[in-house]
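# Chain and residue survey
If you want the building blocks of each chain, they are given just below.
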Amino acid sequence: MSRKALIAANWKMYKTPAEAKAFVDAFLQLVAGHTRDEIALFPSPVLLPTVIEAAKGSNVLVGCQNIHFAEEGAYTGETSVGQLKAVGGTHTLIGHSERRQYFAETDEIVNKKLHTALKHGLVPVVCVGEVLAEREAGKTADVLKTQVTGALAGITAEMAAPIVIAYEPVWAIGTGKTATPEMAVEAHRIIRAEVAKLLGPAVAAAIRILYGGSVKPDNATALIGQEEIDGALVGGASLKPDSFTAIIKY
Ligand code: 13P
């Protein structure tokens, strides 16, 4: 079963519109004609129109870092799926650990967001991962199973095709510490087995599981080159066109 890799940039709360435009203009030249992998950018909502306009007609997909589960309403500071789609966004991250950690997102909220994203035809990238204390306590498998089960509640095999999962061990995010390829593969297998249990072997074999957490040009091949790892979700090293391109061309 060959799964097309997705290499995605999570820009977090970085870049102005001018900086985002300059990135995309330079980046498109560097990745022109690259069809081996899917490429996606996840900028802040305020940058979306600029990035989508600059990437129009290219091989670069664009999505939001977060959506609300409600269609619309009195949710100050939030972005709806309708708003994202109206500016041309096609993808969204859901349940990034920074959302879970700083904005109290629970598995239940992640699940509601996933249902909304699928209902509106977005490609959702659902993030899961253990914190350091959980890993040190030997609870990684339990945490991953709980997060995957929570995220996928009420999702059927028929609905699941667009879903992407990102395994992001929280202790590896922005720390320069990466999971070894062996650790990442082990976690991905746990996630895939849980997907198989919930949605069946065909969905599990087809679902893409990305690795995120201090992916850099010098460790990209060792990680993404693993059969079990279907791409990367990149933070810091995605902010410069050349380092992100080096990861894409691992
Ligand atoms: P870093 O690549 O900066 O560790 O961030 C990973 C991440 O959180 C991507 O979503």
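Now for a description of the structure that goes with this document. (Residues numbered from 1 in each chain as written. Predicted model: local features only at pLDDT ≥ 70, side-chain atom pairs only at ≥ 80, totals over all residues. Heavy atoms only, no water.)

With respect to the helices, strands and loops of the structure, N219 is situated in the loop between strand 7 (208-212) and helix 10 (220-224). Other than its neighbours up to four places away in sequence, N219 contacts T178 and S214. (Helix = DSSP H or I, 4+ residues; strand = E, 2+ residues; numbered from the N terminus. Contact = heavy atoms within 4.5 Å.)

Quick look at the site of the ligand now. The full set close to the ligand counts 13 residues, and K12, H96, G174, S214 and G236 are the nearest of them. G174 is positioned with one of its backbone polar atoms (N or O) 2.6 Å from an oxygen atom of the ligand. Between an oxygen atom of the ligand and a main-chain N or O atom of S214, the distance comes to 2.7 Å. Against a free-state accessible area of 300 Å², the protein chains account for coverage of 96% of the ligand. A breakdown of the residues in the shell around the ligand according to their chemical character gives four nonpolar, seven polar and two charged. (Near = heavy atom within 4 Å. Polar contact = N/O pair within 3.5 Å; in protein donor to acceptor, adjacent residues only side chain to side chain. Areas by Shrake-Rupley, 256 points an atom, 1.4 Å probe, with all protein chains shown as cover. Nonpolar A, V, L, I, M, F, W, Y, C, P; charged D, E, K, R; others polar.)

Looking now at the layout of surface pockets. Reported here for the largest pocket is a volume of approximately 460 Å³. Looking at the largest pocket, it is lined by 17 residues, and the ones nearest its centre are M13, Q65, N66, R99 and F103. In terms of residue count, the dominant contributor to the lining of the largest pocket is helix 4 (residues 97-102) (three residues). Taken together, the residues that form the lining of the largest pocket break down as six nonpolar, seven polar and four charged. (1 Å grid on protein atoms, 1.4 Å probe; cavity = no way out; pocket = protein on both sides within 12 Å on 5 of 7 lines; lining within 4 Å. Points joined across faces, edges and corners; volume = space filled by probe spheres on them.)

So, on to the side chain of K113. Looking at where K113 falls in the secondary structure, it is placed in helix 5 (residues 107-119). Residue K113 is classed as buried on the basis of its relative accessible area of 3%. Among residues more than four places away in sequence, those in contact with K113 are N66, I67, H68, F69, I94 and E105. (Buried < 20%, exposed > 50% of the residue type's maximum accessible area, 1.4 Å probe, protein only.)

We now examine unusual backbone geometry. Located in the positive-phi region is K12, a residue other than glycine, with phi close to 50°. Relative to the assigned elements, K12 resides in the loop between strand 1 (6-10) and helix 1 (17-31). According to the relative accessible area criterion, K12 is buried, its value standing at 19%. Not every positive phi belongs to a glycine, and K15 is a case in point at roughly 85°. When you line up the elements, K15 lands in the loop between strand 1 and helix 1. Given a relative accessible area of 23%, K15 falls into the partly exposed group.

Bringing the pairing of strand 7 into the picture now. Each regular strand carries side chains that alternate between the two faces of the sheet. Burial within strand 7 is extensive, with five of its five residues counted as buried. Across the two faces of strand 7 the burial is the same, with R208, L210 and G212 and I209 and Y211 all buried. In this sheet, strand 7 lies alongside strand 6 (residues 164-167) in parallel orientation, the contact comprising four bridges. Looking across to strand 7, one finds that A166 is bridged to L210. In this sheet, strand 8 (residues 231-234) lies alongside strand 7 in parallel orientation, the contact comprising two bridges. (Pairing = 2+ DSSP bridges.)

Attention now goes to the packing of helix 1 against helix 11 (residues 241-248). Two numbers describe how helix 1 lies on helix 11: the axes approach to 9 Å, and their chain directions differ by 30°. Viewed along their axes, helix 1 and helix 11 adopt a mutual orientation that is roughly parallel. For the crossing formed where helix 1 meets helix 11, the hand is right-handed. Across from F23, A26, F27, L30 and V31 in helix 1, the residues of helix 11 making contact are P241, D242, F244, T245 and I248. Broken down by class, the residue content of the contact of helix 1 with helix 11 amounts to eight nonpolar, one polar and one charged. (Axes fitted to C-alpha atoms, helices over the stretch in contact; angles between N-to-C directions. Parallel < 35°, antiparallel > 145°, perpendicular 65-115°, else oblique. Left-handed = near helix turned anticlockwise from the far one by under 90°.)

These figures come from the coordinates and say nothing about function on their own.
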